[in-house]
Amino acid sequence: MTFRTTGRLLAAVCVTAAAVWLVKAHVRSTDERTQRRRRLMTDSLETVNHLLIERGGMQAVCRREPGGWMMERPVRARAADAAIERILSVLESAVRQEVITGVQRRERRLTLRDYGLTEPRARLVLNGAQGRDELLVGGDAPVGDAVYVKLAGHDEVCSVARDILDAVPETLEALRDRLVLRGDPLRTRRVDLQRPETGFIQLTYRDGRWWIDQPVTARAEDAAVTALLQALYGLRVRSFVWDAPVDEGGTAGSEDPGRLEPYGLAPDEARARATVWMRNGEGPGRTLIVGKRAGEAGDTVYAKRRDFDSIVTVSSDILDVLDVSVNALLSRDLFAAPPEAVDEVCFERDDRKLVLRRAPDTGWKIEEPVQWAADDRVVNTVLARLRRLRAADIMAGTAETVAARAAWRVRLGAGKPALLVGPHTNGQTAVWARFENGDGPVYMLDANQVAASGISTDPLDFRDRSFLSVKPENVRGLTVWRPAGEQSVVRNEAGDWMPAEGATGRVDRASVEAVLLTVADLRALRSAGRLDDVKAACGLDAPSAALTLDLSGEAGIRKTVLFGSAAGPGEVYAVIQGQDVVFVLDAARTRLLTAAVLRADGAGGTPAP
């Protein structure tokens, strides 16, 4: 096959594909135009912002607002968004089935009355960017589950699926929103609660969590506040009792204080009030007022929104929800900040004080009473334990003698209030604590949990436990001393290990490598105290072994580790010569550091293989 023949075939295929695509596109566009012509409403109803609904003796006028649909007449109240959106959705998707023109009606000697359209069963008037549309819904069509409808300004009558009539509510109550307070706990920024029994409580959301601002200042339990808001926003109307008349201007009439008294909703009679504010300035606060119990069963109470002149009944369970006490809302977590967010720690007991500060580049450092590098892992472990402290109980009121009797002052974060912790005696199961801000609650803490938290004023408890951190390539010589004798090896210019001058034997390369790997990152298990205080008790006045490292770099640099007696099962005391703090090392690592580095069974002076 020639190239010219191949090209002709390829061109023919392309022309055929283009023709098929054009035919399909034409058919598709034709079908779409046909479907649009069959629709009852030719324009989109997304822009509808005003809707009049009539069915039977019910008439309602609704308006779309930023927060949803509102009913303007016959009462001013929230409309059920779902009910109105269903009407619009059914209208937009309605398809004309049978179409009867005016000429056909006259030929059949039929009038609009014959289709039930002179006294329609429902009437809808829609206003918006699409213009004004008025739809009449008449009688049942004889064929199919359909009804006759007619658009004002159009001569034709058509039948559509009965869904259009079913979507129109028959009563005003079915068109009204039954949620008393519409809102979202995640977007709420403030809550005010008022009950005669529990007084006034104010909750505010800030810094990523809930706080109690009145009657005390303290952190709130986020889960408790969320549960409270969910109950408020989930409260539904059981029945609509009374609505203020709407005047000719389309606004709600003024409240009549005398009308509220029979329902216990007057300002001085209300059993509970709850006001919520949304974040980002989403409108003013919305207040729920709860009054007397309604009916003989007593399972409902009267209620109203302050911004709506309507009285309704709701479940009486809302009284239990709003009867919440300050103690029930208080957070039982004492410290909320995660360890990585804390930049300063201060522990005080009697006249002793320990201050630790963290720098972004160097980590934690002990600032008082000495200046030492701190162990980041130890500090973060203590912070994590403190963050897990939870109050077993919360006592009402305040304790005037707390500050005077405090055994500990614990402050996490620069400028933060200190937690005052009471004294703990043997056998005591709980200790009290409170923050020093003056009016906070008193917490009861588990004494064992406090004791295990790791708070201490001893800098040794937080000192950096990096015992040795020496790069293996910087080690030029090793000397291991034991009571039986001393062994030394050195590294020559070629980098090979060999016995030091005067030493005999063959280098045990495995022992040398073990030492180098161990000193590269050797961490102590814990500190044991200052050398002057524990030297004899730790066996360091007569060491059991020693390791000396000769290092490259500055001339004369060497480190000598002295090993003392056993500190416990699998533990050994050790100190770096010239330093004043004794540490406890793992005994297995100590054996690696003090093992023989020369073998007696080889010729002396030969390098390690």
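Residues numbered from 1 in each chain as written. Predicted model: local features only at pLDDT ≥ 70, side-chain atom pairs only at ≥ 80, totals over all residues. Heavy atoms only, no water.

Caption draft 1: Representation of the nonpolar core within the structure. Within the largest apolar cluster, 102 residues are counted, with the highest numbers of intra-cluster contacts made by Leu203 and Phe347. Excluding anything up to four places from it in sequence, Leu203 contacts Arg189, Arg190, Val191, Trp210, Trp211, Ile212, Ala220, Val225, Leu228 and Leu329. Core analysis: the next-biggest nonpolar cluster, separate from the first, contains 38 residues, Ala60, Cys62, Leu91 and Leu135 among them. (Core = buried A, V, L, I, M, F, W, Y, C linked by side-chain atoms within 4.5 Å. Buried < 20%, exposed > 50% of the residue type's maximum accessible area, 1.4 Å probe, protein only. Contact = heavy atoms within 4.5 Å.)

Caption draft 2: Helix 10 (residues 376-387), seen in detail. Counted at 1.5 Å a residue, the expected span for helix 10 with its 12 residues is 16 Å, and the 16 Å between its end C-alpha atoms agrees. Of all the residues in helix 10, the buried ones are Val378, Val379, Val382, Leu383 and Leu386. Along the long axis of helix 10, the arc covered by the buried residues comes to 135°, so they all point the same way. Residues of helix 10 that are buried sit in contact with strand 19 (344-349), strand 20 (352-359), strand 21 (363-368) and strand 24 (408-412). Two or three places before Arg377, at the start of helix 10, stands the capping residue Asp375, its side-chain oxygen 3.0 Å from that residue's backbone nitrogen. (Helix = DSSP H or I, 4+ residues; strand = E, 2+ residues; numbered from the N terminus. Expected span 1.5 Å × (residues − 1). Arc of directions from axis to C-beta. Polar contact = N/O pair within 3.5 Å; in protein donor to acceptor, adjacent residues only side chain to side chain.)

Caption draft 3: Here's a closer look at the layout of surface pockets. Of the voids in this model, the largest pocket is the one considered here, and its volume is about 600 Å³. If you trace the largest pocket, you find 25 residues lining it, with Trp211, Arg219, Ala336, Lys416 and Pro417 closest to the centre. Residue composition of the lining of the largest pocket, by class: 13 nonpolar, 5 polar and 7 charged. (1 Å grid on protein atoms, 1.4 Å probe; cavity = no way out; pocket = protein on both sides within 12 Å on 5 of 7 lines; lining within 4 Å. Points joined across faces, edges and corners; volume = space filled by probe spheres on them. Nonpolar A, V, L, I, M, F, W, Y, C, P; charged D, E, K, R; others polar.)

Caption draft 4: Layout of empty space enclosed by the protein. For the structure shown, the criterion picks out 4 cavities of 30 Å³ or more. Only strand 4 (77-78), strand 17 (300-305) and strand 18 (310-315) provide two or more residues apiece to the lining of the largest cavity. It is strand 17 that contributes the most residues to the lining of the largest cavity, 3 residues altogether. Broken down by class, the residue content of the lining of the largest cavity amounts to 8 nonpolar, 1 polar and 6 charged.

Caption draft 5: How the structure looks around the pattern of salt bridges. The tally for this structure, following the rule as stated, stands at 32 salt bridges. Note that Arg123 and Glu134 form a salt bridge whose closest N and O atoms lie 2.8 Å from each other. Placement of Arg123 in strand 6 (residues 122-128) and of Glu134 in strand 7 (residues 131-140) is noted, with a sequence separation of 11 residues between them. For Glu134, a relative accessible area of 17% puts it in the buried group. With a shortest N-O distance of 2.8 Å, Arg558 and Asp550 are connected by a salt bridge. (Salt bridge = Lys/Arg side-chain N within 4 Å of Asp/Glu carboxyl O.)

Caption draft 6: Molecular detail of the sheet that holds strand 38 (residues 581-586). Pairing within the open sheet is antiparallel, and its 8 strands lie in the order 31-30-29-35-36-37-38-34. The open sheet has two free edges, formed respectively by strand 31 (497-499) and strand 34 (526-530), since each of these has just one partner strand. Neighbour-to-neighbour, the strand axes of this sheet turn through a mean angle of 25°, independent of strand direction. Bridge analysis of strand 29 (residues 475-482) against strand 30 (residues 485-491) gives 6 bridges, and the strand direction is antiparallel. What sits directly across from Leu478, in strand 30, is Val489. Strand contacts of helix 13 (residues 509-520): strand 29, strand 30, strand 31 and strand 35 (545-551), with the helix running at about 80° to strand 35, the strand carrying the most contacts. (Pairing = 2+ DSSP bridges. Axes fitted to C-alpha atoms, helices over the stretch in contact; angles between N-to-C directions.)

Caption draft 7: A look at the packing of aromatic side chains. Summed over the entire model, instances satisfying the criterion amount to 6 aromatic pairs. Here the aromatic rings of Tyr205 and Trp210 are separated by 5.4 Å at their centres, their planes lie at 70°, and the arrangement is edge-to-face. Relative to Phe583, the ring of Phe467 lies with its centre 5.9 Å away and its plane at 80°, an arrangement referred to as edge-to-face. Separated by 116 residues along the polypeptide, Phe467 in strand 28 (residues 466-468) and Phe583 in strand 38 bring together distant segments of the chain. For the pair formed by Phe467 and Phe583, the shared burial category is buried. Directly above the aromatic system of Tyr205 lies the positively charged group of Arg279, at a separation of 3.8 Å from the ring centroid. The ring of Trp372 carries Arg463 above its face, with NZ or CZ at 4.3 Å from the centroid. (Phe/Tyr/Trp six-rings, centres within 6.5 Å; stacked < 30°, edge-to-face > 60°. Lys NZ or Arg CZ within 6 Å of the ring centre and 35° of its normal.)

Caption draft 8: The confidence of the model for the protein, seen in detail. Averaged over every residue, the pLDDT of the protein is 87; the share at 70 or more is 88%. Confidence over residues 248-254 falls short of pLDDT 50; this stretch has 13 contacts with residues more than four positions distant or in other chains. (pLDDT = per-residue confidence, 0-100.)

Caption draft 9: Geometry of the side chain of Thr287. Mapped onto the fold, Thr287 is located in strand 16 (residues 286-294). A distance of 2.7 Å separates a polar atom in the side chain of Thr287 from a polar atom in the side chain of Thr275. Apart from the residues lying within four places of it in its own chain, the contact partners of Thr287 are Arg273, Ala274, Thr275, Lys304, Arg305 and Arg306.

Caption draft 10: Seen up close, the pairing of strand 12 (residues 209-214). Pairing of strand 11 (residues 199-206) with strand 12, which is carried by 5 bridges, proceeds in the antiparallel orientation. Across the sheet, Thr204 pairs through a bridge with Trp211, a residue of strand 12. Joining the antiparallel neighbours strand 11 and strand 12 is a turn of 2 residues, in which Asp207 adopts a positive phi near 55°. Here strand 12 pairs with strand 13 (residues 218-219) via 2 bridges, running antiparallel. Note on strand 13: the bridge partner recorded for Trp211 is Arg219. Two successive antiparallel strands, strand 12 and strand 13, enclose a turn made up of 3 residues.

Caption draft 11: How the structure looks around the sheet that holds strand 21. Spatially, 22-21-20-19-24-25-26-27-23 is the arrangement adopted by the 9 strands of the open sheet, whose pairing is antiparallel. Single-partner strands in this sheet number two, and they are strand 22 (372-373) and strand 23 (393-395). Examined bridge by bridge, strand 20 and strand 21 share 5 bridges and lie antiparallel to one another. Directly across from Leu356, in strand 21, lies its bridge partner Ile366. On the sheet, helix 10 packs against strand 19, strand 20, strand 21 and strand 24 and is oriented at approximately 85° with respect to strand 21.

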